[in-house]
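Coordinate analysis (summary)
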Amino acid sequence: MITLGIDAGTKATKAVLTNHTGTLASVVLPCGRESTVTIADLARRDVLAKAGLSPESVTNIGVTGLYGDRVSFATNTFPEGVCLAKAMGYMKPSVHSVLDVGSVRALAIKCQDGRLTSISVNDRCASGTGAFVEVLASFFRVPIAELGNVALTAKEPVDFLNTCAVYVESEALSLMVEGKTAENIIAGALRGFSSRILSLLMSIGVEPDIAMVGGLANNKALVKNIEESLGLSLFIPEEPQTALAFGAALLAQGKE
Amino acid sequence: MSTGYMRNLENEIIKYQRRIAKIKENPDPTKLKSNLMLYEIELEDAIGHLEDFKAGKPSAYGAPGHLLRAMGFCGSGGGYAAADRTAQGEGSTRYLDMLRDGNWPELACDRTVVAILLSNSGDSPKPQFVSVANTSCEFAGHTAQALAQSGHVPYYVVDIGNDANDENLKYVTDQLGEMVEYIEAKVPGVKYDEDKLIEHQHYDREGSKILREIYEFRKRRPSPVGARDAQREQGPGTGHRNPEKGLAYMRAQRDELFERAEKGTGVMKEEKLRLLWTTVGINYDESIYKWLDEQGVAIYYVFGNHARTLGFTVGFYGDPWNGRKLTPLEEEARGLFYNSWNGRGQRLIDDWMFISKDQGVGGAVYLLQPGCLPTLNLRKLFTDAMEKAGLPTMSLEIRGIFKEGYSQKDVKAKLSNFIEICLSKKQTKVQAI
């Protein structure tokens, strides 16, 4: 059985095709200003083309993500935590805690054998979501994907005192006026950010192994900060951004 | 005496008339048929209260309710239930705006502070007397004090000891006696009528018995009652102007649930999960409850010490105290001892745990109502007790009346994840057996 999983997020829509052997193809499309259903449909077409399959070959379409309920062609909708647990149970069953930092909300889950056992969600404060990092990247005109690498070059990371995402720019500007370098400011800001998202994980109790997914899992400085704080290595999947979509596709396999 | 223009009561009358007409024209099969009776009683209450207030009859805000009614006070329109009802209309924004305009504490519990706003705006009548018991619900005390001070009316605080013993029973009963004398001296037109108090206590006892029968039917699977209707059974239903009708409604509800339980019918074909829902309801969004019904999730709602109301933990009105029958005033004193927010928090936790186990819930949704100091502080005790029992708890930061900041989408997402966690635990338990 071939199933499609779609994670309809705020900044990107992710699509993964699976069968009993695992992932067949995956795509990540930035959302831009198109409607969720348009982007999701584009993602569906792209991923099918990538795998060389026709739409008829897909049995079920499982959808998740903040805007999952808007994808009208879905056959099933699944909660994000449930998808994450399912994906991790398949990718690395020894993982019992997962951190997923999205653009407007962050999740920390605990899981066992592919099932969700506990969850904590931050959807209230941007200081602990990807929005904080986006503002930082925008201020320094550094691509988000490069932000971690820039931070790793820092010699003396600053104490970035403001936690509120709204004040990132003014705090960064003040530090620059004081003569601090961009890489030291970025490293300091990311260090503070790491401790905030880590507190989300702490709130449900950390149980190794620990994984991190979502686009920010590609940020090497962030991952390094978290690993140093925990004293443990994180498991980062090969395509951390598509983990939720993969989970949705796996769950859709169980739905006739 | 100023009673304002009573916009709130007028709105309630229109609301109940509309609901009654809607049910008669197009009944919702998922809701209880007896709701029609409840709305008719509440319509009668609202019309009667409005007439009383227009005629200048005195009203009171506070506790004990039976005692104040036995003195001849008419309904004040205050209290949690009246405040909750404002959430279904314009109140979800109107009173929050007033709160900010008036520089009242924004993070006070909305279920208490709305009473001040109702009264000060003239939406509800101003009380001629205010009383409060000094429990851990500090905002109830502050609200009563603010109502009394802003309305320049007599105010009485009943000091309740922690322990339910003979010494404290006398201490609290003496205060109630003093309060009665104080009211008679300060408020013209009211007088203590012991026969009336006995009558109210009788109705309460009868109503509690029916409530207990309903509780037993509620154990059946699938739940004979939907998530929205599950929130209707918090009291014995006899606080209405016509308590006989209140009892008749309770009996009709019981019979309807009995019929559903016997036939195995309810609002859902299969009950996948039962959750304890505590501290406050989402009063401005009924559709979230319909959604829970659709998910096959039944709710057992508890506010305060529900097990006490049902007589599981201490006696009903009329039950003996240390082998003797209590006087009517002593009965009221005993009732205050077991006020939800009085005494040690552990008692409330024990009540909720008793119901959780007895009703076979698979988890609990704990709403964190901003400003509700007792429940915010009790969360840890409750989640620890639930965890020990192998049951997960989800905390949800939501206001009961003010809709601002509420996202149904987010709440559904959180509940969906939580339901899965509970089902997963349930499955693990079944596998272990």
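Residues numbered from 1 in each chain as written. Chains lettered and ligands numbered in written order. Predicted model: local features only at pLDDT ≥ 70, side-chain atom pairs only at ≥ 80, totals over all residues.

1. Here's the deal with the domain arrangement of chain A
A common way to report how large an interface is uses the accessible area buried once the components associate. Residues and elements named next belong to chain A. Just so we agree on the cut-off: Domain delimitation in this document rests on an assignment produced automatically or drawn from a domain database. Contact criterion: two residues are in contact if their C-beta atoms, reconstructed from the backbone, are within 7 Å.
Along its sequence, chain A is organised into domain 1 (1-80 + 239-256) and domain 2 (93-236). For domain 1 and domain 2, the distance between their C-alpha centroids amounts to 26 Å. Each partner contributes to the interface: domain 1 provides 8 residues, whereas domain 2 provides 12 residues.

2. Section: the pairing of strand β5 (residues 297-302) of chain B
Residues and elements named next belong to chain B. Applied cut-off: Buried residues are those with 20 or more other C-beta atoms within 10 Å of their own C-beta, exposed residues have 12 or fewer, and partly exposed residues lie in between; C-beta atoms are placed from the backbone. What counts as a helix is a DSSP run of H or I of at least four residues, what counts as a strand is a run of E of at least two, and both are numbered from the N terminus. For two strands to be treated as a pair, DSSP must find at least two bridges joining them. Seen with its strands pointing away from the viewer, a crossover is right-handed if its path from the first strand over the helix to the second goes clockwise.
With 6 of 6 residues buried, β5 is to be regarded as a mostly interior element. Bridge analysis of strand β4 (residues 273-278) against β5 gives 6 bridges, and the strand direction is parallel. The partner of Arg274 across the bridge, within β5, is Ala298. Each parallel crossover has a hand, and for β4 linked through helix α11 (residues 287-294) to β5 it is right-handed.

3. Here we look at the packing of helix α2 (residues 80-91) of chain A against helix α8 (residues 243-253) of chain A
Two quantities define a packed helix pair, namely the angle between the axes and the distance from one axis to the other. Residue and element names in this part refer to chain A. Just so we agree on the cut-off: Under this scheme, a helix contributes an axis fitted over its contacting stretch, all axes are lines through C-alpha atoms, and angles between N-to-C directions fall in the 0 to 180 degree range. An angle counts as roughly parallel when it lies under 35 degrees, as roughly antiparallel when it exceeds 145, as roughly perpendicular when it falls between 65 and 115, and as oblique in every other case. Each residue receives one of three labels: charged for Asp, Glu, Lys and Arg, nonpolar for Ala, Val, Leu, Ile, Met, Phe, Trp, Tyr, Cys and Pro, and polar for the others, Gly being one of them.
Put simply, α2 and α8 touch, their axes get as near as 7 Å, and they point 85 degrees apart. By the angle between their directions, the pair α2 and α8 is classed as roughly perpendicular. Here Glu80, Val82, Cys83, Leu84, Lys86, Ala87 and Tyr90 of α2 come into contact with α8, specifically with Ala243, Leu244, Phe246, Gly247, Ala248, Leu250 and Leu251. The residue makeup of the contact of α2 with α8, split by class, is 11 nonpolar, 1 polar and 2 charged.

4. Digging into the sheet that holds β5(B)
By way of backbone hydrogen bonds, the strands of a sheet pair with one another, either parallel or antiparallel. Residue and element names in this part refer to chain B. Reading across the sheet, the 4 strands line up as β5-β4-β6-β7 and stay open at both edges, with parallel pairing between neighbours. Edge positions in the sheet fall to β5 and β7 (393-397), since each of these pairs with one other strand and no more. Going across the sheet, the axis of each strand differs from the next one's by a mean of 25 degrees, ignoring polarity. The pairing of β4 with strand β6 (residues 363-368) spans 4 bridges and is classified as parallel. The residue of β6 that forms the bridge with Leu276 is Ala364. On top of the sheet, helix α15 (residues 373-388) reaches β6 and β7; it is set at about 170 degrees to β6, its chief contact.

5. A few points about unusual backbone geometry
Along the chain, Pro208(A) connects to Asp209(A) via a cis peptide bond; the corresponding omega equals -5 degrees. On the secondary structure map, Asp209(A) appears in the loop between α6 (182-202) and β9 (210-213). The step from Ala63(B) to Pro64(B) runs through a cis peptide bond, and the omega angle for that step is -5 degrees. In this structure, Pro64(B) sits in the loop between β1 (60-61) and α3 (65-70). The phi torsion at Asn103(B) lies on the positive side, around 60 degrees, for a residue other than glycine. If you trace the backbone, Asn103(B) turns up in the loop between α5 (91-101) and α6 (110-121).

6. Some details on the nonpolar core
Residue and element names in this part refer to chain A. We apply this condition: Think of a nonpolar core as buried Ala, Val, Leu, Ile, Met, Phe, Trp, Tyr and Cys residues, each tied to the set through C-beta atoms within 7 Å.
The biggest cluster of nonpolar side chains holds 192 residues, and the ones touching the most others in it are Ile6, Leu84 and Ala248. When residues of this core are assigned to their parent elements, the largest contribution, 9 residues, is made by α8. When residues of this core are assigned to domains, at least three fall in each of domain 1 (1-80 + 239-256) and domain 2 (93-236). For Ile6, the contacting residues outside a window of four places in its chain are Thr13, Ala15, Ala40, Ala43, Arg44, Ile61, Val63, Val71, Ala245 and Ala248.

7. With respect to helix α1 (residues 36-51) of chain A
Residues and elements named next belong to chain A. Note the following rule: Every helix has an expected span of 1.5 Å times one less than the residues it contains. What the arc describes is the spread of directions from the helix axis to the C-beta atoms.
Taking 1.5 Å per residue, 16 residues should reach 22 Å; α1 reaches 22 Å between its end C-alpha atoms and fits that length. Within α1 the residues assigned to the buried category are Thr36, Ile39, Ala40, Ala43, Arg44, Val47 and Leu48. Projected down its long axis, α1 carries its buried residues within an arc of 165 degrees, all on one side. Structurally, α1 contributes buried residues whose contacts are with β1 (2-8), β2 (12-19) and β3 (22-30). Phi turns positive one or two residues past the end of α1, at Gly52, with a value near 70 degrees.

8. Considering the environment of Gly207(B)
All names here are of chain B. Structurally, Gly207 is set in helix α9 (residues 194-217). Note: C-alpha distance between Gly207 and Lys388 (181 residues apart in sequence) is 34 Å. Among all residues touching Gly207, those that are not within four sequence positions of it are Pro236, Gly237, Thr238, Gly246, Leu247 and Met250.

9. Concerning the packing of α5(B) against α6(B)
Residues and elements named next belong to chain B. Two elements in contact, α5 and α6, have axes separated by 10 Å at closest approach and are oriented at 85 degrees. Of the possible angle classes, the one that applies to α5 and α6 is roughly perpendicular. For the pair formed by α5 and α6, the contact residues are Tyr95, Met98 and Leu99 on the first element and Val113, Val114, Leu117 and Ser121 on the second. Looking at the contact of α5 with α6 residue by residue, the classes come out as 6 nonpolar, 1 polar and no charged.

10. Re the sheet that holds strand β5 (residues 76-77) of chain A
Residues and elements named next belong to chain A. The strand order across the open sheet built from 5 strands is β3-β2-β1-β4-β5, with neighbouring strands paired in mixed fashion. Strand pairing shows two members of the sheet lacking a second neighbour, β3 and β5, which therefore form its edges. With 2 bridges connecting them, strand β4 (residues 58-64) and β5 associate as parallel partners. Bridging across to β5, Gly62 finds its partner in Asn76. Lying over the sheet, α1 contacts β1, β2 and β3, oriented at roughly 140 degrees with respect to β3. This element, α8, spans β1, β2, β3, β4 and β5 of the sheet and lies at about 140 degrees to β1.

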